[in-house]
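# What the coordinates show
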Amino acid sequence: MDYKVFTGARVFDGDRFHEDSALVIGNGRIHAITGINDVPDNAETIQLKGGVLSPGFIDAQVNGGGGRMLNDEPSPASMYMIAEGHRPYGTTSVLPTLITDVAAATTAAIEAAIEAVKANRGVAGLHLEGPHLAPARKGAHLAELMRPVEDSDVKTFIRAREAIGTLLVTMAAEQVTERQVQALAEGGVIVSIGHSDCTAEAADARFDAGARGVTHLFNAMSQMGHRAPGLVGAAIDHPAPWCGIIADGHHVEPTALRVALRAKRGEGRLFFVTDAMSLVGTDLPSFTLNGRTVYRTKGGYCSKLTLDDGTLAGSDVDMASTIRYGVNILELPLAEALRMATSYPARFLRLADRGHLAPGMRADLVHINDGIEVTETWISGQASA
């Protein structure tokens with residue numbers, strides 16, 4: 001076996017840091033974390049200049065990047081372009097995300113994902129965010145395309161999951177029954193409740209039935225009141241759901257995120273998503289979403305993306321910036337911020353071969369400097385071009 005040895009940086013294995021250690025990989029997989037003096041003979045050595053070597057970042061909600069929205073053209077080429085647009089920011093696994101669209105677009109996205117996940121170019125699955133959302137909490141989605149889940153949809157999603165491997169579907173509690181959630185969960189589909197105006201009781205019932213996540217906690221959902229906890233309260237209190245959060249300085253005030261981070265109980269945890277649009281990795285001033293112009297406004301922690309009426313339309317943030325926000329604004333230890341971009345989303349998505357640096361895992365890696373800026377990434381041990 002031809003080995004590569006990474007030295008000169010602290011190694012974060014997805015749970016904790018290893019000091020004065022080397023990472024050894026071979027044939028695109030993790031071989032070992034060893035002492036500096038215990039590396040294999042005749043291995044290729046990659047000398048890093050301080051900083052941290054971490055599992056590559058995993059983003060479960062990526063609408064676009066590199067100038068392309070998945071909705072523009074639901075094809076393998078679009079998925080590769082989106083993944084490559086985020087790779088300079090440390091993301092080595094993405095779930096390209098199709099927002100509410102016509103049925104033909106959903107079919108095309110499923111077919112594209114079946115091919116794209118085989119190519120080992122950073123596409124780990126597919127996220128369908130709609131059309132089974134609640135018009136009352138539509139956000140930037142088109143309400144006229146939203147509808148309840150039908151039993152035929154359940155069968156379609158289960159078949160798609162079997163072909164793709166990882167399928168995440170965001171649904172409003174109002175648009176899916178407990179029986180349907182159970183069938184989807186038993187079929188391996190990851191159900192996430194989002195864009196929903198439901199009660200806490202309705203949310204709890206879906207979590208008990210097998211819904212595994214909550215999509216962009218706080219945004220486009222019923223809020224927490226002291227007598228009506230809503231989806232926010234249920235998500236934080238119920239032990240099952242994992243909750244994606246958009247930490248960009250626009251979607252949620254940091255106080256709310258800090259409270260949620262402290263309060264979340266159970267197996268499920270909060271993890272970072274970007275909810276990124278096509279402008280990430282470009283200098284473009286705007287783009288088109290379902291025939292409407294979305295404008296990029298400079299300022300704040302990162303640029304803000306809005307429709308004409310001021311509605312937020314996704315994010316302009318990348319994963320490395322999100323981790324910096326977690327450390328500098330949310331006051332998270334670096335290890336926890338890294339977990340929220342690596343091991344937590346891997347566990348949520350059941351990506352058993354990534355998110356940790358353990359023997360046999362994929363050698364998907366990112367090196368960050370002391371300012372949490374990305375210097376290099378590797379997919380299966382191969383450096384970015």
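For every chain, the first residue of the written sequence is number 1, and numbering continues from 1 along that sequence. Given that the model is predicted, a residue must reach a pLDDT of at least 70 before its local features are reported, and side-chain atom pairs must reach 80 or more before they are shown or counted; all residues, however, enter totals for whole chains, interfaces and linings. To get the side-chain values, take all heavy atoms of the structure and skip hydrogens and water.

- The name given to the protein chain in an unreviewed UniProt entry is N-acetylglucosamine-6-phosphate deacetylase, with the source organism recorded as Rhizobium miluonense.
- UniProt positions are given in the numbering used here, feature names are shortened, and annotations may be inferred rather than shown by experiment. Here the protein chain is described in UniProt, under the heading Sequence similarities (unreviewed entry), as follows: "Belongs to the metallo-dependent hydrolases superfamily. NagA family."

### A closer look at the overall build of the protein chain
- A count of helices and strands for the protein chain gives 10 helices and 23 strands.
- Scaling as 2.2 N^0.38, a compact globule of 385 residues should have a C-alpha radius of gyration of about 21 Å, and the protein chain matches this with 20 Å.
- Projected onto its principal axes, the C-alpha positions of the protein chain cover 60 × 40 × 40 Å.
- Three exposure classes are used, based on accessible area relative to the maximum for each residue type with a 1.4 Å probe and protein chains only: buried under 20%, partly exposed in between, and exposed over 50%. Across the 385 residues in the protein chain, those meeting the buried criterion constitute 60%. Secondary structure follows DSSP: runs of H or I at least 4 residues long count as helices, runs of E at least 2 residues long count as strands, and numbering of each begins at the N terminus. Put simply, the radius of gyration uses C-alpha atoms, and a globule should come to 2.2 Å times the residue count raised to 0.38.

### With respect to the side chain of threonine 97
- Counting through the fold element by element, threonine 97 comes out in strand S11 (residues 91-99).
- Classification of threonine 97 as buried rests on a relative accessible area of 0%.
- In terms of polar contacts, threonine 97 uses its side chain to reach the backbone carbonyl oxygen of leucine 95, at 3.0 Å. Here a polar contact is recorded for every N or O atom pair within 3.5 Å, except that within protein the pair must consist of a potential hydrogen donor and a potential acceptor, and residues adjacent in sequence are included only if both atoms are side-chain atoms.

### A word on the nonpolar core
- Of all hydrophobic cores here, the largest spans 91 residues; its most connected members are Phe57, Leu126, Leu217, Phe272, Ile323 and Leu349.
- If you tally residues by element for this core, the top one is helix H2 (residues 103-116), at 7 residues.
- Any two residues having at least one pair of non-hydrogen atoms within 4.5 Å are treated as being in contact. Other than its neighbours up to four places away in sequence, leucine 126 contacts Leu70, Met79, Leu95, Pro96, Ala109, Ile110, Ala113, Ile164, Thr166, Leu167 and Leu168.
- Residues belong to a common nonpolar core when they are buried Ala, Val, Leu, Ile, Met, Phe, Trp, Tyr or Cys residues joined through side-chain atoms within 4.5 Å. In this structure, Leu23, Ile30, Leu48 and Leu357 belong to the second largest nonpolar core, which totals 14 residues.

### Considering the pattern of salt bridges
- Each reported salt bridge corresponds to a side-chain nitrogen of Lys or Arg within 4 Å of a carboxyl oxygen of Asp or Glu. According to the stated counting rule, one finds 12 salt bridges in the structure shown.
- With a closest N to O distance of 2.8 Å, arginine 147 and aspartate 153 form a salt bridge.
- Under the relative-accessibility criterion, arginine 147 is labelled partly exposed at 30%.
- For glutamate 267, the salt bridge is made with arginine 347, and the minimal N-O distance between the two is 2.7 Å. Of the two residues, glutamate 267 is situated in the loop between helix H7 (254-263) and strand S17 (270-273) and arginine 347 in helix H10 (residues 343-349); the sequence distance between them amounts to 80 residues.

### What to know about the packing of aromatic side chains
- Aromatic rings from Phe, Tyr and Trp, taking only the six-membered ring of Trp, are treated as a pair when their centres fall within 6.5 Å; an angle between ring planes under 30 degrees marks them as stacked, one over 60 as edge-to-face, and anything in between as tilted. Summed over the entire model, instances satisfying the criterion amount to 5 aromatic pairs.
- With centroids separated by 5.0 Å and ring planes inclined at 85°, the aromatic side chains of phenylalanine 6 and tryptophan 378 adopt a geometry described as edge-to-face. Of this pair, phenylalanine 6 sits in strand S1 (residues 3-7) while tryptophan 378 is found in strand S22 (residues 374-379), placing the two residues 372 residues apart along the sequence.
- You can call phenylalanine 6 buried: its relative accessible area is 1%.
- For a ring to carry a charge above it, either NZ of a lysine or CZ of an arginine must fall within 6 Å of the ring centroid while also lying within 35 degrees of the normal to the ring plane. Above the plane of the ring of tyrosine 80 lies arginine 121, whose end atom (NZ or CZ) is 4.0 Å from the centre.

### Overview of unusual backbone geometry
- Backbone torsion omega between glycine 130 and proline 131 reads 15°, so that peptide bond is classified as cis.
- The phi torsion at alanine 220 lies on the positive side, around 55°, for a residue other than glycine.
- Looking at where alanine 220 falls in the secondary structure, it is placed in the loop between strand S15 (213-214) and helix H6 (230-237).

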